[in-house]
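Next come the chains, spelled out residue by residue.
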Amino acid sequence: MTYKNEDKMHVVDATVTDIIKKNIPYHSGNIKNEFKIKTEKSDKEYLCVYWGHTNIQTGYKVQLKLWKFNEEFLLVDSIIITNKEQANEN
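## A closer look at the layout of surface pockets
- As a volume, the largest pocket reaches approximately 240 Å³.
- If you trace the largest pocket, you find it lined by H10, V11, V12, D13, T39, E40, K41, S42, Y46, L66, K68 and L74.
- Where the lining of the largest pocket is concerned, the elements lending two or more residues are β1 (10–25) and β4 (61–68).
- Counting residues per element, the lining of the largest pocket draws most heavily on β1, at 4 residues.
- Of the residues in the lining of the largest pocket, the class split is 5 nonpolar, 3 polar and 4 charged.

## Side note on the pairing of strand β2 (residues 31–39)
- Of the pairings in the sheet, the one linking β1 to β2 comprises 8 bridges and is antiparallel in character. Of the residues in β2, the one forming a bridge with V16 is I37.
- The hairpin turn running from β1 into β2, its antiparallel successor, is 5 residues long, and G29 in that turn takes a positive phi close to 95°.
- For β2 and strand β3 (residues 45–51), the ladder comprises 7 bridges, and the chain directions are antiparallel. Residue pairing for β3: F35 is matched across the bridge by C48.
- With antiparallel pairing between neighbouring strands as the criterion, β2 and β3 make up a hairpin whose turn holds 5 residues.

## Some details on the pattern of salt bridges
- In this structure the tally under the stated criterion is 2 salt bridges.
- Its salt-bridge partner being E34, residue K21 comes within 3.8 Å of it at the nearest N-O pair. Of this pair, K21 sits in strand β1 while E34 sits in strand β2; the two residues are 13 residues apart in sequence, bridging distant segments of the chain.
- For K21, a relative accessible area of 31% corresponds to the partly exposed category.
- K32 is the partner of E34 in a salt bridge, and the nearest nitrogen-oxygen pair spans 2.9 Å. For the residue pair E34 and K32, the accessibility class agrees, reading buried in each case.

## Looking at the nonpolar core
- Core analysis: the biggest nonpolar cluster contains 16 residues, and F35, I37, V62, L64, V76 and I79 have the highest contact counts within it.
- Of all the elements in the fold, those that place two or more residues in this core are β1, β2, β3, β4 and β5 (73–83).
- Leaving out residues up to four positions away in the same chain, V62 has contacts with V12, D13, A14, V16, I56, I79, I80, I81 and T82.

Parameters and conventions
Along each chain, residues carry numbers from 1 onward, in the same order as the chain's sequence is written. Only residues with pLDDT of at least 70 get local features here, since the model is predicted, and only at 80 or more are side-chain atom pairs given and counted; chain-wide, interface and lining totals rely on the full set of residues. Side-chain numbers come from the whole structure's heavy atoms, not from hydrogens or water. Method remark: on a 1 Å grid restricted to protein atoms, a set of points is classed as a cavity if a 1.4 Å probe fits but cannot get out and as a pocket if it is open with protein on both sides within 12 Å along at least five of seven lines; lining residues have an atom within 4 Å of a point. Grid points are joined across faces, edges and corners, and a volume is the space filled by probe spheres set on the points. Only DSSP runs of H or I reaching four residues or more are called helices, and only runs of E reaching two or more are called strands; each is numbered from the N terminus. Each residue receives one of three labels: charged for Asp, Glu, Lys and Arg, nonpolar for Ala, Val, Leu, Ile, Met, Phe, Trp, Tyr, Cys and Pro, and polar for the others, Gly being one of them. One bridge is not enough; two strands pair if DSSP finds at least two bridges between them. Salt bridge criterion: a side-chain nitrogen from Lys or Arg within 4 Å of a carboxyl oxygen from Asp or Glu. Residue burial is assigned from relative accessible area. The probe radius is 1.4 Å, only protein chains are included, and a residue is buried under 20% of its type maximum, exposed over 50%, and partly exposed in between. In this text, buried Ala, Val, Leu, Ile, Met, Phe, Trp, Tyr and Cys residues form a nonpolar core when linked through side-chain atoms within 4.5 Å. The contact rule is simple, with two residues in contact once any of their heavy atoms fall within 4.5 Å.

Read these as geometric descriptors, not functional statements.
Next comes the structure, spelled out in structure tokens:
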């Protein structure tokens, strides 16, 4: 996925806190993912949308290349899983 504003992209280290939609196919042939993250610099949760297949799980630490649209919504260009330790569920 390439957009014109590549100079406005950010790289963020974060933890996946919730998976809302995972690898949902759409009529156009695209695959949509929606998930929430917390960054290392803030405890605030952000909603992320990623168009493409992913294997992320809740609790994974990831590095995201993204665009910030507003204070709560991020459009993700790429995901690198940096640590696959999942959060313990009680």
